[in-house]
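# Structural characterization, general
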Amino acid sequence: MGQPVRRSEDRRFITGSGRYTDDIVLPRHAAGYVLRSPHAHATIRAIDAAAARAAPGVFAVFTGADLERDGIGRIPCVVPLKNRDGSRIRMVEHPLLAVGRARHVGDGIAFVVAETVAAAKDAAELIRVDYEILPAVADTAGAAAPGQKLVWDDIPSNLCFDWESGNRKAVEAAFAKARHVVELSMVNNRIVANSMEPRGALGSYDAGEERFTLYTSTQGSHAIRRLLAANVFKLPENRFRVVTPDVGGGFGMKLFLYPEQGLVLHAARKLGMPVKWIGERSESFLTDAHGRDNVTRARLALDAGLNFLAIDVETVANLGAYLSNFGTFIPTMAGTAMLAGVYRTPAAVVRVKGVYTNTVPVDAYRGAGRPEANYVLERLVDHAARQLGVRPTELRRRNFIPPDAMPFKTALGMTYDSGEFAKNLADALAHADADGFAARRAQSQARGKLRGLGVSTYIEQCGGGFDEMAEIRFDTSGAVTVIVGSQSTGQGHQTAYAQLVADGLGLPFERVRVHQGDTDIVGFGRGTGGSRSLPVAGNALGIAVRRLIDKGKTIAAHRLEAAEADIEFADGFYTVAGTDKRVGIAEIAQAAFNPLLLPAGFEPGFDEKAHYLPAAHTFPNGCHVCEVEIDPETGVTAVLRYVVVDDFGNVVNPLLLAGQVHGGVVQGIGQALIEGCVYDAGGQLLTGSFMDYALPHAADMPAIEFATNVVPCRTNPLGIKGAGEAGAIGAPPAVMNAVVDALAGLGIATIEMPATPHAVWRAIRQARR
């Protein structure tokens, strides 16, 4: 516990021994290919698939009408909000293939199953679709404008919901008495997750058992099984086995049920053969759930002493053409409570309008609502400081929640258990040598460059909500198998969970194996999302460890001929108190399988299972400091230095932790400076490949300096706080605050993400004119 153990799973990954969905081969499996709409919005008048069905090597062609005739259901959104007036929101479900109308570029029209992918693609080209092209809407801010084109004929103004949280009356009163009011509008740009491994699915059907098996790249097999069973096939869950093998990245995007997962299972049952579909990179851009895409106006009220009085936020959130599983949750309940941030703001209100557009559905992307909220708040605070003539760091210090105020209930209903926000800021500034920045800026100016320093604090709610299951099983050799309901997508679960169990049971790390992802082996699981794995599943393991130790005391007392009350456990051994008589837990496990060595009435076997339901969320927090240099002649922004000080409570593995922070920071820098998913006015995706959609390169990133400020969480036994998303939460505002700081001398008060070279160059030219 607390040691920088290297990831045990990396050996198989770097030697090519990982087993991903596309590595799994079943006998006689066929290949699936989805014919997709080239239009953002079109009526499907007719589909003629006769030539495709007759093509060489083709087994079948399925359309949306075929699926409806076979009773196949649709993919639901599982979070039914209420509008701010209490009325029901207007929800739509996602068909596996479009029925009657295509609603975004990439919408599935037909599913072709053939001997090979090439044969399926060739056959798809023979399908004739009679489209009537309709007007499309892709603009987030204008989607609900009067007279706007409708994505769904029965949903006026394209408005899915109009939701609100907070105390509007208190906010209005605070603004009425405020000495200063600062306002800022901003865009949180649309992002494509672009996991290294594209989505994929391999389905089979056992007619004798009347049972489906699905191999697929997900963030949680059980959630996929529940939705397939209840909503798509309308069958009991025990008719489905879902197996998630190794996963090459998820970032939230692989949490959800997608049409192709249902299509391969339906085709496998109809054809009597396994069917595999593996997405190509172009399909990732057109069909993977996108992230972010908010347009926000925020106002901050301050008194004469520059104390925050209230914050008022209004956001329009793009939901896409259909609702993804958590599409309504992400821009509302997932993150808006974090608009209170680390500040003592006594009043707050947030209103969110969710709109349909002719674009890919939008759902969780690393951070899932919390990066959006933190970006709004930290850009607004920085903007207020500049408008009011005070240093951004000083304005933050004046308004931080002090440690002695914990537990602290915010104006948006969250209760923080712990945190030292001023210390995070002070430590980060010291690590970043903020005192020496003026001299470095002068050096840049001498070379004709613009240098800026940006700060962002953050806090996020994570590691709470639902329960998670963990099980520990000893075998007759004394080795251990851990079964846990979360799902690794590259984070290092195999290492972290083995560390927890090895530390708790006093066993060699190498004797612990971790199993995830197979619903036939793992009885229950919530999957991975919201930085829940260690705070929730880790605590479930901790409970199972303690139960197993207690169970072993009974056997140890019998073996050592002592009273159970006299048995102590430490470092893997049971000892009779005050003596040198002891026995190892591995030996106890072996004895547990031999009835002759057990006390009377003791059931053979040595295993324990535990569920852990967190009493509260965890609240990781920290401070990011970013230093940039801009070339005014080209608009290119170079990130020269990046410092992070985080409070994640107690640390299980600092090496894994640093990796998570580094990855999140790089994704945040990418969103801030170069990543942006762009549609034209007609709904055509302009950034549909890596030719047009930029990802950060290692050569463009600085060495990220990372330190921790350990303040144990008070609401869970391990004292840990979630960490998987924090880097992506703190980074975008830190980078953009640094960019604005560099440009402020030219009179530029704000600039939108992504601050690409062209966007920065254009802003500089406009300012100089």
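Refer to the structure printed above.
Figured I'd write up the structure that's included with this text.

### Side note on the overall build of the protein chain
A count of helices and strands for the protein chain gives 18 helices and 28 strands. Relative to the compact-globule value of 27 Å for 769 residues, the protein chain shows a C-alpha radius of gyration of 28 Å, a close match. Referenced to the eigenvectors of the C-alpha coordinate spread, the extents of the protein chain come out at roughly 90 × 75 × 55 Å. For the protein chain, buried positions account for 59% of its 769 residues. Looking at the protein chain alone, contacts between residues at least 24 apart form 80% of all its contacts between residues at least 6 apart. On the protein chain, roughly 28900 Å² of surface is accessible, and the fraction owed to carbon and sulfur atoms is 51%.

### Here's the deal with the environment of A40
Inspection of the secondary structure puts A40 in the loop between β1 (30–36) and β2 (42–48). Taking C-alpha positions, A40 is 9.9 Å from V151, a pair spaced 111 residues apart along the chain.

### A word on the packing of aromatic side chains
Following the criterion strictly, the structure yields 15 aromatic pairs and no others. Both rings, one in F233 and one in F240, keep their centres 5.6 Å apart while their planes meet at 45°; by these two values the pair is tilted. Of the two residues, F233 and F240, neither departs from the other in class, the shared state being buried. Lying over the aromatic face of W152, R103 brings its terminal NZ or CZ to 3.5 Å of the ring centre. Here the guanidinium or amino end of R199 rests over the ring plane of Y258, the centre of that ring lying 3.8 Å away.

### Quick look at the sheet that holds strand β26 (residues 621–630)
Across the sheet, four strands lie side by side as β18-β26-β27-β28; this open sheet has mixed pairing. Two strands in the sheet have a free side with no partner beyond their single neighbour: β18 (450–459) and β28 (704–708). Averaged over all pairs of adjacent strands, the angle between strand axes in this sheet comes to 10°, irrespective of strand direction. Bridge analysis of β26 against strand β27 (residues 637–647) gives 10 bridges, and the strand direction is antiparallel. Bridge pairing in β27 places E627 opposite R641. Relative to the sheet, helix α12 (residues 437–446) contacts β18 and β26, its axis offset from that of β18 by approximately 140°. Here helix α17 (residues 726–743) sits on the sheet and contacts β18, β26 and β27; the angle it forms with β18, its principal contact strand, is near 150°.

### Things to note about the pattern of salt bridges
Counting across every chain of the model gives 50 salt bridges. Between R84 and D162 there is a salt bridge, and its shortest N-O distance comes to 3.4 Å. Taken together, the residues R84 in the loop between α3 (64–69) and β4 (101–102) and D162 in strand β7 (residues 159–166) connect sequence positions 78 residues apart. According to the relative accessible area criterion, D162 is buried, its value standing at 12%. We note a salt bridge from E260 to R199, for which the minimum N-O separation is 3.0 Å. Of this pair, E260 sits in helix α7 (residues 259–271) while R199 sits in the loop between β8 (180–188) and β9 (200–206); the two residues are 61 residues apart in sequence, bridging distant segments of the chain. With respect to burial, E260 and R199 carry one shared label: buried.

### Quick notes on unusual backbone geometry
Geometrically, the link from M406 to P407 is a cis peptide bond, its omega value of -5° lying close to zero. Note on placement: P407 falls in the loop between α10 (392–399) and β16 (408–409). Cis geometry marks the peptide bond from M753 to P754, where omega comes out at -10°. Tracing the backbone through its elements, the reader meets P754 in the loop between α17 and α18 (757–768). With a phi angle near 60°, S157 is a residue other than glycine that sits in the positive phi range.

### Description of the side chain of D363
When you line up the elements, D363 lands in the loop between β15 (347–356) and α9 (370–388). Buried and without a salt bridge, D363 has R292 as its closest oppositely charged side chain, separated by 9.7 Å. Apart from the residues within four sequence positions on either side, D363 is in contact with F256, A289, H290, G291, S324, N325, F326, G327 and I330.

### Overview of the sheet that holds strand β19 (residues 468–474)
Spatially, the four strands line up as an open sheet ordered β21-β20-β19-β25, and their pairing is mixed. Here the strands that pair on one side only, and so sit at the sheet edges, are β21 (512–515) and β25 (607–612). Taking the axes of each pair of neighbouring strands and ignoring which way they run, one obtains an average angle of 15° across the sheet. Pairing between β19 and β25: six bridges, direction antiparallel. Directly across from E471, in β25, lies its bridge partner K609. Together, β19, β20 (480–484) and β21 form the strand contacts of helix α13 (residues 493–505), whose direction differs from that of β21 by roughly 135°. Here helix α14 (residues 533–560) sits on the sheet in contact with β19, β20 and β25, set at roughly 145° to β25.

### A word on helix α4 (residues 117–124)
Within α4, the full set of buried residues consists of A119, A120, A123 and A124. When α4 is viewed along its axis, its buried side chains cluster within an angular range of 135° and face the same direction. Where the residues of α4 are buried, they touch β1, α2 (50–53), β3 (58–63) and β5 (108–114).

### Looking at the nonpolar core
In this structure, L395, Y416, V625, Y642 and L743 are the most contacted members of the largest nonpolar core, which totals 107 residues. Considering each element in turn, this core owes the most residues, 11 residues, to α17. Core analysis: the second largest hydrophobic core is formed by 47 residues, A470, A498, Y612 and I720 among them.

Quick notes on the rules
- Residues numbered from 1 in each chain as written.
- Predicted model: local features only at pLDDT ≥ 70, side-chain atom pairs only at ≥ 80, totals over all residues.
- Heavy atoms only, no water.
- Helix = DSSP H or I, 4+ residues; strand = E, 2+ residues; numbered from the N terminus.
- Rg over C-alpha atoms; globule rule 2.2 N^0.38 Å.
- Buried < 20%, exposed > 50% of the residue type's maximum accessible area, 1.4 Å probe, protein only.
- Contact = heavy atoms within 4.5 Å.
- Areas by Shrake-Rupley, 256 points an atom, 1.4 Å probe, with all protein chains shown as cover.
- Phe/Tyr/Trp six-rings, centres within 6.5 Å; stacked < 30°, edge-to-face > 60°.
- Lys NZ or Arg CZ within 6 Å of the ring centre and 35° of its normal.
- Pairing = 2+ DSSP bridges.
- Axes fitted to C-alpha atoms, helices over the stretch in contact; angles between N-to-C directions.
- Salt bridge = Lys/Arg side-chain N within 4 Å of Asp/Glu carboxyl O.
- Lys, Arg positive; Asp, Glu negative; His and termini not counted.
- Arc of directions from axis to C-beta.
- Core = buried A, V, L, I, M, F, W, Y, C linked by side-chain atoms within 4.5 Å.

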